[in-house]
Amino acid sequence: SVAVTGGLLCQYGSFIDGLRLYVRGGTGGMGYPRLGGEGGRGGDVWFVARERTTLKSIKDRYPHKRFVAGTGANSSVRALKGGKGQDCEVAVPLGVSVLCDGGRQIGELNAAGERFLAARGGLGGSLATNFVPCKGQRRILCLDLKLIADVGLVGFPNAGKSSLLSKMSHAKPKVASYPFTTVQPELGKLMYKDYKQVSVADLPGLIEGAHANRGMGHKFLKHVERTKQLLLVVDISGFQLSIKAPFRTAFETVVLLTKELELYKEELLSKPALLAVNKMDLPGARENLHELVQQLQQPDNFLHLLEEQMIPARTLEFKNVIPISTYTGEGIEELKACIRRSIDEEAERENEEYRKKQLQLLQPSA
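Residues numbered from 1 in each chain as written. Predicted model: local features only at pLDDT ≥ 70, side-chain atom pairs only at ≥ 80, totals over all residues. Heavy atoms only, no water.

**With respect to the packing of aromatic side chains**
So, step 1. Evaluation of the coordinates by the stated rule reveals four aromatic pairs.
So, step 2. With 5.3 Å between their ring centres and 20° between their planes, phenylalanine 156 and phenylalanine 239 make a pair best called stacked. With phenylalanine 156 in the loop between strand 11 (151-154) and helix 2 (161-168) and phenylalanine 239 in the loop between strand 14 (229-235) and helix 4 (250-264), the pair connects residues that are 83 residues apart, well separated along the chain.
So, step 3. With a relative accessible area of 2%, phenylalanine 156 lands in the buried category. (Phe/Tyr/Trp six-rings, centres within 6.5 Å; stacked < 30°, edge-to-face > 60°. Helix = DSSP H or I, 4+ residues; strand = E, 2+ residues; numbered from the N terminus. Buried < 20%, exposed > 50% of the residue type's maximum accessible area, 1.4 Å probe, protein only.)

**Quick look at the sheet that holds strand 13 (residues 197-202)**
So, step 1. Spatial strand order, 12-13-11-14-15-16: six strands in an open sheet with mixed pairing. With one partner strand each, in any of the chains shown, strand 12 (186-191) and strand 16 (318-323) form the two edges of the open sheet. The mean inter-strand angle of the sheet, taken between neighbouring strand axes irrespective of direction, is 25°.
So, step 2. By the bridge criterion, six bridges tie strand 12 to strand 13 in an arrangement that is antiparallel. What sits directly across from glycine 188, in strand 13, is valine 200.
So, step 3. Sheet strands in contact with helix 4 are strand 11, strand 14, strand 15 (273-278) and strand 16, and its direction is about 145° off that of strand 14.
So, step 4. Sitting on the sheet, helix 7 (residues 332-362) is in contact with strand 11, strand 12, strand 13, strand 14, strand 15 and strand 16, with an inclination near 170° to strand 16. (Pairing = 2+ DSSP bridges. Axes fitted to C-alpha atoms, helices over the stretch in contact; angles between N-to-C directions. Contact = heavy atoms within 4.5 Å.)

**Section: the side chain of arginine 340**
So, step 1. By the element assignment, arginine 340 lies in helix 7.
So, step 2. With near-sequence residues (within four places) excluded, arginine 340 lies in contact with Tyr192, Asp194 and Lys196.

**Focus on the sheet that holds strand 9 (residues 115-119)**
So, step 1. Taken in spatial order, the three strands of this open sheet run 6-4-9, and their pairing is mixed. On the outer flanks of this sheet lie strand 6 (88-92) and strand 9, each paired with one strand and no other. Geometrically, the sheet is characterised by an average inter-axis angle of 30° between neighbouring strands, direction not taken into account.
So, step 2. Here four bridges tie strand 4 (residues 45-49) to strand 9, and the two strands are oriented antiparallel to one another. Each bridged residue has a counterpart across the sheet, and for valine 45 the counterpart in strand 9 is alanine 119.

Listed below in structure tokens is the structure:
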């Protein structure tokens, strides 16, 4: 796996979520001084959001990552007004942010068909320009992809996120008994009997210090931003990254995951959240679950036992806590039902807010 900083190229295996491009608008056409003719304007470069497009397909198809629009037609005796140069359209995936070379976001494309003007063509030669054509706009832009999914799986390595995704959907992520199996985001679809589909993103495992870009850090956390809901997955028997790392109980794992999300972007904690407690087939799991539920119901009674830097400003409130086992299949159907119910409730709440806003707009001002 590769991660090159500076927005040039961010790659995990065959998955790319960042790409740097050179774009240039077309040069205008020559004017015709003797007859006052105007040259055609140069073509523009457009980014157009298209489904089934990836940043990898752009890189493979255009290895030089250069996009230049056509030159405007010259003015002539036959056509005093020259034609506009040919536009250059670049198909980009949905969920892309457009950043200038300094890293500032200048646009985003979330729905199929949305367009962003990447580089404007130059004016053709005319009386105003002394009949000399202008060059097109030149820019270096970065495309930054954030996955759009209904639900984002959040958990430390080896919590069983990949196994859970493969159990719930038809996705086939890599599964193994060692941490960091997932090095690239995986998308799966949950299918329901009424043909409703819910997309779930299994993202590379967080580690402590991810907010400070340790491990996959921001590469993971940026994808969480665009998921509508969070599904935290924790190992009921606790988690230890390595022999040198401290052992964390299931409760401490939930607190640490919350802290990482908060330190990266506090608004992430306002998303609706579910908690899947995995590996319920292990010995002592029931007793551990009973203890975890008590701790989650009254977290303030237990937070003082943790190191101060581990404690988040506010704890995540879970709509449901679902015990599951990806090994035996226990709780998987109940979890799917909870996800569906949570998605539907949130959609209804958004519709209600929209209706209220529309009614307020319709009412005559006092």
